[in-house]
Amino acid sequence: MSAGMGETLRTRAITSTLTARLSPTVPSASQTYEPLVRSALRQRLTHNIFVFSVAFTLVVSILLGGEDETSAFARLLSPGTWTIACLKWFVGVLPVIAMRKVYLTSAATPATSPAKMLTNAIAKPSTRRCLAVYMSCTLMLFALYMSSFTSEERETLRLNVFVKSRKHPYYLNGRLLFLMLAQLWLAASFLLRNIMLDRFVFKWTKPLNSSELPYATSNLLKLVLTMALFTSFSLMMYSVAFGLSRMLVLPLLLKVPAVSNIIRPFVAHYAKGTWTLTLPILHWSLLVRSFMMGLVTLMSWEFAESLFDAYVPQPIKVGNLTADPNVTVVSGITTQDAVFAHFAYSELAELASDESSAGNARRIALFGDQKYSPSLWNVVARQSLLRLGQDYQTFLRRGAPITPPAIVAPTIPKPKDPPSTPLIRKAIFRAPRQSPLSSMLDSVSSDSELSKAAEAVAGEMEERASQMHIPELFRSVAPSSAAVPSANAVVAKPTSSIISSFIAQAESHSRGLVVGYCPVWLKESAMRWNKWFYRERLNKAVEVCLPNRELDALIIEALSHFVCTSLSEDRYEYQIEVNAKYTPPTPDELSQGDTKILEEKEMMRLEVARAGDVLVVVSDALKTGVANISRTFGDKLVAFKFPPRTARKLQSFVDYT
């Protein structure tokens, strides 16, 4: 027992199965929401856009694709027609659709005039790539069109590559060159039209009816008429540009030695003939052929672009495809891409306004979520308020980007000099006494104290005289010494200013010559065009201030419906904390901003009306949301105290709806 008492007692702790588990966060949108939306968009692309665009290309090939007198029914049954139509779609339409998919963006162009819009587009590298795609498709369609003719048919149509000449066998055929350049001109014109329409920007649309889709009869007739007018106008401008290049540009190129040696064997015969504006009319068959070929190409492109604009922005419901639809949709609103945020908030707004039993159960589960930290309702409110706050700050900046704060480099304090005994540099012995005559001479010398005092007084009097309104007659008698330049001073002018001034003078001189020889009607047309091209649009300025107005309206709609349903479905009554530097706008502040913008351009009635259409997207959603909350909560809102001005504004919103 004594031995047992001497042994050390060892104790072992009991292992516990209880561990501290942290609540998971809401998964990111790239993991749950975005893959489902991409899959739905891919299905729309293949099942809707591809199928209908192929069908349209086939119909156009059957109706307008025959050079002979074959009937449309015979072309419908011909396998060659189907093969050519599929090839046309594959080389001419499919790259355009792929280009729209690649360069689709959610950031609208911040431009208030056509000139700024065109300048911003030219500065983007994507615009040059799009131009290359359009022209490549045009060249491939042109090659496919020419390959459908035999050598005898091309000779009959006078569309050979070279003219028949034994002396100059390499002269290019002018008819073929005119036809090919016309198609390239139409491709560039179509891209310019898309730039003016801002077509590469994602534009949110509500669900469309069958009568509003591009393949409806009325929309097809509108498309054909629009493209016919656009092709006619573009070909007219092309004929003028082709004639001017032949009369002015080609003779200059033939006089340049290096360029002339290269192009003279091919285009020297173009400089011999004369060119008039009526010359294309004499080749009417060539104009008709250029028009029909360009019309078929542009109609195929426009129909494919219209399908893309109609099907891609339609709402997508992907929440029901997962085990937990609430988590999927809530994770979708956390994305940084505005396109996916549109789809997520659209589904969230539909959930908030769903009055069925399934919608009621989903909302109760969303409000009572305890699985995630922060909770689902907290994430919804926080993300929504942050987006509204960011857009409101953009509205206050009038669409200007956030200026980063200037970084000031810290100043390094200079070290103090160590204390030292000052040296006496004056004579320590008493100076000998001067004679009265030498003292008088020293007082009137140039470096004496009296002379320095006189110069100081004269300078002060001259400065006062320059500040007084003295006539130039008196001021010119005694010119200031500062006004007289030094003889050794050299006035240097920067080289860039000299070059820019020379270019400006040459430009003004050439403009004066052109204006002097132009008729009056052409001058007036040029002035109207210049005014239209450079004039700032008020509605465009408002669109720049509210770039995400459709998304903001969806957020307000979803939040207002959730707040209304929380009165009976939210059992926990969470308080949402949003810790960010952005604050959401109050109705009073938003209405003040609307009034300020509308008052700045009151004289421009049409643009004010268009600007109102832009602002009404957010203001109507805000008014409707405030009114729904007021009706739902009723007397319970008495517990909240608002400032008198804000209270009157909220009451006006309720009375408005």
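Residues numbered from 1 in each chain as written. Predicted model: local features only at pLDDT ≥ 70, side-chain atom pairs only at ≥ 80, totals over all residues. Heavy atoms only, no water.

Undergrad: I would appreciate a short explanation of the overall build of the chain in the present structure.
TA: Counting secondary structure elements, the chain contains 27 helices and zero strands. Looking at the chain as a whole, 34% of its 657 residues are labelled buried. Across the chain, every contact between residues at least 6 apart in sequence was considered, and the portion connecting residues at least 24 apart equals 82%. Accessible area of the chain: about 42,900 Å², with a carbon and sulfur share of 63%. (Helix = DSSP H or I, 4+ residues; strand = E, 2+ residues; numbered from the N terminus. Buried < 20%, exposed > 50% of the residue type's maximum accessible area, 1.4 Å probe, protein only. Contact = heavy atoms within 4.5 Å. Areas by Shrake-Rupley, 256 points an atom, 1.4 Å probe, with all protein chains shown as cover.)

Undergrad: Explain the packing of aromatic side chains to me, please; I cannot follow it from the model alone.
TA: How two aromatic rings sit relative to each other is given by the distance of their centres and the angle of their planes. With the rule as written, the count across this model stands at 22 aromatic pairs. An angle of 85° between the planes, with centres 5.2 Å apart, marks the rings of Phe178 and Phe242 as edge-to-face. Of the two residues, Phe178 is situated in helix H9 (residues 174–196) and Phe242 in helix H10 (residues 217–255); the sequence distance between them amounts to 64 residues. Exposure class is identical for Phe178 and Phe242. Each is buried. Arranged with centres 5.2 Å apart and planes meeting at 80°, the rings of Phe367 and Trp377 form a pair that is edge-to-face. Here Phe367 is found in helix H16 (residues 357–367), whereas its partner Trp377 is found in helix H17 (residues 376–396), with 10 residues between them in sequence. With a relative accessible area of 7%, Trp377 lands in the buried category. These aromatic residues form a ring-pair network of at least three members: Phe178, Trp185, Tyr238 and Phe242. The ring centre of Phe200 lies 5.9 Å from the NZ or CZ of Arg100, which sits over that ring. (Phe/Tyr/Trp six-rings, centres within 6.5 Å; stacked < 30°, edge-to-face > 60°. Lys NZ or Arg CZ within 6 Å of the ring centre and 35° of its normal.)

Undergrad: Which parts of the structure should I look at to understand the side chain of Asn326?
TA: Mapped onto the fold, Asn326 is located in helix H14 (residues 325–332). In contact with Asn326, not counting residues within four places along its chain, are Leu351, Arg362, Ala365, Leu366 and Leu376.

Undergrad: How should the pattern of salt bridges be read in this particular structure?
TA: As a working rule, side chains carrying opposite charge can pair if their charged atoms are close by. Summed over all chains, the structure comprises 10 salt bridges. Across the salt bridge formed by Lys540 and Glu543, the nearest N and O atoms sit 3.8 Å from each other. Here Lys540 and its partner Glu543 are both found in helix H23 (residues 538–545), three residues apart, which amounts to about one turn of the helix. Residue class for Lys540 comes out partly exposed when judged on its relative accessible area of 28%. In this structure, a network of salt bridges that share partners links the residues Arg100, Arg193, Arg199, Glu302, Glu305 and Asp309. (Salt bridge = Lys/Arg side-chain N within 4 Å of Asp/Glu carboxyl O.)

Undergrad: What's the story with the environment of Gln31 in this structure? I'm lost.
TA: Residue position: Gln31 is located in helix H2 (residues 29–32). A relative accessible area of 60% places Gln31 in the exposed class. Separated by 300 residues in sequence, Gln31 and Ser331 place their C-alpha atoms 8.9 Å apart.

Undergrad: Just checking my understanding: could you explain the packing of H14 against H16 for this structure?
TA: Packed helix pairs are specified by the crossing angle of their axes together with the interaxial distance, meaning the distance between the axes. Across the interface, H14 lies against H16 with an axial gap of 10 Å and an inter-helix angle of 65°. Considering the angle they form, H14 stands roughly perpendicular to H16. Between H14 and H16 lies a crossing whose hand is right-handed. Listed contacts from H16 to Pro325, Asn326, Val329 and Val330 of H14 are Arg362, Ala365 and Leu366. Looking at side-chain class alone, the contact of H14 with H16 contains five nonpolar, one polar and one charged residues. (Axes fitted to C-alpha atoms, helices over the stretch in contact; angles between N-to-C directions. Parallel < 35°, antiparallel > 145°, perpendicular 65-115°, else oblique. Left-handed = near helix turned anticlockwise from the far one by under 90°. Nonpolar A, V, L, I, M, F, W, Y, C, P; charged D, E, K, R; others polar.)

Undergrad: For this particular structure, what's the right way to read the packing of H9 against helix H13 (residues 284–311)?
TA: Their axes nearest at 10 Å, the elements H9 and H13 cross at an angle of 30°. Relative to H13, the element H9 lies roughly parallel. Judged by the sense of rotation from one axis to the other, the crossing of H9 with H13 is right-handed. Residue-level contacts link Arg175, Phe178, Leu179, Ala182, Gln183, Leu186, Ala187, Phe190, Arg193 and Asn194 of H9 to Ser285, Leu286, Leu287, Arg289, Ser290, Met293, Gly294, Leu298, Trp301, Glu302 and Glu305 of H13. Counted by class, the contact of H9 with H13 contains 11 nonpolar, five polar and five charged residues.

Undergrad: In this structure, what is going on with the confidence of the model for the chain? I would like to understand it.
TA: In regions of low pLDDT, the predicted coordinates are not meant to be interpreted in detail. Chain-level pLDDT for the chain is 77 on average; 71% of the residues reach the 70-or-more range. Within the model, pLDDT remains below 50 along residues 574–584, and this stretch shows 24 contacts once partners closer than five positions in the same chain are excluded. (pLDDT = per-residue confidence, 0-100.)

Undergrad: Whenever I open this one, helix H3 (residues 34–64) confuses me. Can you help?
TA: One full turn of an α-helix is made of 3.6 residues, so residues set three or four places apart face in the same direction. For H3, spanning 31 residues, the distance from its first C-alpha to its last is 42 Å, which sits close to the expected 45 Å at 1.5 Å a residue. A maximum bend of about 30° is found in H3 at Leu45. (Expected span 1.5 Å × (residues − 1). Bend = angle between axes of the 7 residues up to and from the residue.)

Undergrad: I keep staring at a nonpolar patch on the surface and nothing clicks. Help me out?
TA: Residues Val59, Leu63, Leu64, Ile281, Trp284, Val288 and Met292 make up a contiguous nonpolar surface patch of roughly 660 Å² in combined accessible area. Going through the elements one at a time, H3 and H13 are the ones with two or more residues in the nonpolar patch. Tracing the backbone shows Leu63 in helix H3. (Patch = residues over 30% accessible without salt bridge, like charges linked within 9 Å, V, L, I, M, F, W, Y side chains within 5 Å.)

Undergrad: Which parts of the structure should I look at to understand the nonpolar core?
TA: Soluble globular proteins tend to bury their nonpolar side chains together. Grouped together as the largest cluster of nonpolar side chains are 96 residues, with contacts concentrated most on Ile49, Tyr134, Trp301, Phe343, Tyr345, Leu348 and Phe562. By residue number, the principal contributor to this core is H13, which donates 15 residues. Not counting the four nearest positions on each side in its chain, Phe562 is found in contact with Leu348, Leu351, Ala352, Arg363, Leu366, Phe367 and Trp377. One finds Tyr392, Leu538, Val542 and Ala611 within the second-largest nonpolar core, a separate group that totals nine residues. (Core = buried A, V, L, I, M, F, W, Y, C linked by side-chain atoms within 4.5 Å.)

Undergrad: Even after reading the chapter, I still don't get the side chain of Arg362, so can you show me in this structure?
TA: Relative to the helices and strands, Arg362 resides in helix H16. In this structure, Arg362 is buried with no salt-bridge partner, the nearest side chain bearing the opposite charge being Glu347 at 5.0 Å. Residues in contact with Arg362, not counting those within four places in the same chain, are Asn320, Pro325, Asn326, Val329 and Leu351. (Lys, Arg positive; Asp, Glu negative; His and termini not counted.)

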